[in-house]
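Here's the letter readout for the chains.
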Amino acid sequence: MGDEEQTRAQLRHGLRIATLLVAVLTVDVLGLINLLRHLGSHDLPAAQFAAYAGLTAVLVTEAVLVLRRRPWGALRWPAVAVVFAAAALSYLTLPDGKTSTTVDWLFGAAGWVLVVVLLDRPFRTVMTVLVAHELLALANLLLFHEVSRSTLARFATGSVTVFGLPLCVAVVAAVLGRIGTEAAAATRELERVRTAEAVAVAAHRRRAQRFSELAGTTVPLLEGLADGSLTPDDPAVRRGCAIEAARMRRLFAESDTVENPLLHELRHCADIADRKGVEVELDARGHWPVPPVAVRRDLTDAALTALATAGSWARVTVVGSGGEVSVNVVADCGELTVAPPVTPDVRVETFGSDGTVWMEAQWQPAN
Amino acid sequence: MAAGELITAVIVDDHAAIAAGVRYWCEQADPPIRLIDAGERLVDVWTGPGAEADVVIFDLELVPRNPDFGELRRLVDVGRRVVVYSQHADDATAIKCIDLGALAYLTKREGPDHLVSAIRAAAEGLAYTAPSLSGALAADDTPDRPRLSPREAEVLRAWFAASSKELVAAKLHITVKTVDTHIARVRVKYANAGRAARTKSDLVTRALDDGVITLAELNDAAL
């Protein structure tokens, strides 16, 4: 949405500046040169200068508006009126038989000024106003000047540039507006499709990754239970199930947005033990940096296994000091085999004594 | 307290069930501990039988979320031996209580395992460090904390993690007595840092007498 508006605004602004430059050239350079060169031919030079001042005032206003990036707004129709008044004043005070000549300096210039004022209006508005100006010039010719084949021919050829060129600019403005809208719509659609695709790919990857993480341990267990090769009576199978349940809980907890992910995931692991009637104490002291997911898995793996297999009690503690964090779990569980940590900065120690197992996983981020 | 006499403790806690539970533990202890229940009336700690009690068991939050450090300071300043027994579990509160001169800081969850031991230690003027306080000291990273040796920090962390000194001793291949010595040295270093309080200077003097820590180590730790 923002992009669309920006593209269109940029196109319009460029065209507005270009049109203003052309108008300034026609009025204040070419127009002024013609006016000064034929000053002697005019009966009322003051009227011509007044008309010149009117057009210049409109262009100066436009220049200010362009700089401030403001539209004409309420000033638009008064400005059009000023142009028409200037045109009427200039045409009516023209010397006889000089219509559509270089003496008639305003004839070629007024159209540009009108386009400047009406550039952001619909095409038919610009068209109507330009035609009105043409009719004003034609009426002046027919009513107050000698109508001859040569004057009409001059009017007709003059009109090609006077009417045609500003009209071309108006057409371009209309077309640009439409192209801008279409381009922005196309861009938006493309972005929407790309976003949807990226989301789908990410979701798929995450699912595939989750599945692969569970495939090695959970899937064989489920398959064994399904084909009858593993029986739920077997304490080892039950222990395996408890561990896998905790692992899945941890996996789901990993994507939660929480302030302290490590503690959050440990709470989920502790919950599994709590449900089995194991008395769990969870206490944390100090501060630690948020470890990446892989490190958190290494840190919680030992705790997870011990918690899932604890007999009646477990104590889980986390201490963060001096930039390192250590996760300890002490529980009355049997001999445990815990996979070695995957990340290099994690150290896991297991200590067993009289049916009590104490596992410590320490992480010291390498700087 | 003369040798052979029963230890007397006064408890200030607004929850009747807590006081009743503590009374039960005290009666079951061997030898038993005589408990005076002051309810939530702080005045009973200062006058009557409560004033004579060897140990004050002090609930830090008689008014919820408003720890009464001022009262703790007043008790310590007249030389009372205080065991803080609190619902509150954050590190800063625990360390502040120790800094003010409380001999022990226990969370309510640690009551069954540690309160009686803490009362006994406090009655003798000794510090008692329960696992939660040990964890708070291990994680203490305030700029003016005393300097601990790596072994002391390790023992603090292990004691917090295991909540069993036998397990700590077995894991670190030291004796339970050595575990206690390391923890005691940490408490002496903390007692020597910060503001002076009568119970704290007693603690330091006694630690020096007993050779738990030397004067040189004490100066070193405070640097």
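Predicted model only: the values in this text are computed from it and were never measured.

Caption draft 1: Quick peek at the pairing of strand S1 (residues 8-12) of chain B. All names here are of chain B. Counting buried positions along S1 gives four out of five residues, so the element sits mostly inside the fold. Two elements, S1 and strand S2 (residues 34-37), share four bridges in a ladder whose sense is parallel. Looking at the pairing, Val-10 lines up with Ile-36 of S2. This β-α-β element, S1 to helix H1 (residues 16-28) to S2, shows right-handed connectivity. The pairing of S1 with strand S3 (residues 55-58) spans four bridges and is parallel.

Caption draft 2: Summary view of the packing of helix H4 (residues 107-118) of chain A against helix H6 (residues 149-215) of chain A. All names here are of chain A. Where H4 meets H6, the axes come as close as 9 Å, and the angle between the chain directions of the two elements is 15 degrees. On the basis of the axis angle, H4 is roughly parallel to H6. Considering only the axes of H4 and H6, their crossing is right-handed. Contact residues: H4 offers Phe-107, Gly-108, Gly-111, Trp-112, Leu-114 and Val-115, while H6 offers Gly-158, Thr-161, Val-162, Phe-163, Pro-166, Val-169 and Ala-170. In terms of residue class, the contact of H4 with H6 is made up of nine nonpolar, four polar and no charged.

Caption draft 3: Here's a closer look at the packing of helix H8 (residues 150-162) of chain B against helix H9 (residues 165-172) of chain B. Residues and elements named next belong to chain B. Axis separation between H8 and H9 bottoms out at 9 Å; the angle between their running directions is 130 degrees. In terms of orientation, H8 and H9 fall into the oblique class. Handedness of the crossing formed by H8 with H9: right-handed. Counting all contacts with H8, which are made through Val-155, Ala-158, Trp-159 and Ala-162, the residues of H9 involved are Lys-165, Leu-167, Val-168, Lys-171 and Leu-172.

Caption draft 4: Molecular detail of the interface of chain A and chain B. Each partner contributes to the interface: chain A provides 16 residues, whereas chain B provides 15 residues. If you list the elements that add at least two residues to the side of chain A that touches chain B, you get strand S1 (279-286), strand S2 (313-321), strand S3 (324-331), strand S4 (346-353) and strand S5 (356-363) of chain A. Top element by residues in the side of chain A that touches chain B is S2(A). It accounts for five residues. Partitioning the side of chain A that touches chain B into residue classes produces four nonpolar, eight polar and four charged.

Caption draft 5: Summary view of the UniProt feature "modified residue: 4-aspartylphosphate" (unreviewed entry) in chain B. Residue and element names in this part refer to chain B. UniProt tags Asp-59 as "modified residue: 4-aspartylphosphate" (unreviewed entry). Turning to its location among the elements, Asp-59 is positioned in the loop between S3 and helix H4 (69-77). Taking the C-beta count within 10 Å as the criterion, Asp-59 has 21 such neighbours and is therefore assigned buried. In contact with Asp-59, other than residues within four places in its own chain, are Val-12, Asp-13, Asp-14, Tyr-85 and Ser-86.

Caption draft 6: Structural detail: unusual backbone geometry. Residues and elements named next belong to chain B. Cis rather than trans, the peptide bond between Asp-30 and Pro-31 has omega equal to -5 degrees. Of note, Ser-163 is a non-glycine position whose phi angle comes to about 60 degrees, a positive value. Within the secondary structure, Ser-163 sits in the loop between H8 and H9.

Caption draft 7: View of helix H2 (residues 45-67) of chain A. All names here are of chain A. Under the 1.5 Å per step criterion, the end-to-end length of H2 is 33 Å for 23 residues, consistent within 8% with the ideal 33 Å. Buried within H2 are the following residues: Gln-48, Ala-51, Tyr-52, Gly-54, Leu-55, Val-58, Leu-59 and Glu-62. Two residues or fewer after H2 comes Arg-69, characterised by a positive phi angle close to 50 degrees.

Here is what the cut-offs are and how they apply
- Residues numbered from 1 in each chain as written.
- Chains lettered and ligands numbered in written order.
- Predicted model: local features only at pLDDT ≥ 70, side-chain atom pairs only at ≥ 80, totals over all residues.
- Buried ≥ 20, exposed ≤ 12 C-beta atoms within 10 Å, placed from the backbone.
- Helix = DSSP H or I, 4+ residues; strand = E, 2+ residues; numbered from the N terminus.
- Pairing = 2+ DSSP bridges.
- Right-handed = clockwise from strand over helix to strand, strands pointing away.
- Axes fitted to C-alpha atoms, helices over the stretch in contact; angles between N-to-C directions.
- Parallel < 35°, antiparallel > 145°, perpendicular 65-115°, else oblique.
- Left-handed = near helix turned anticlockwise from the far one by under 90°.
- Contact = placed C-beta atoms within 7 Å.
- Nonpolar A, V, L, I, M, F, W, Y, C, P; charged D, E, K, R; others polar.
- UniProt positions renumbered as here; feature names shortened; annotations may be inferred.
- Expected span 1.5 Å × (residues − 1).

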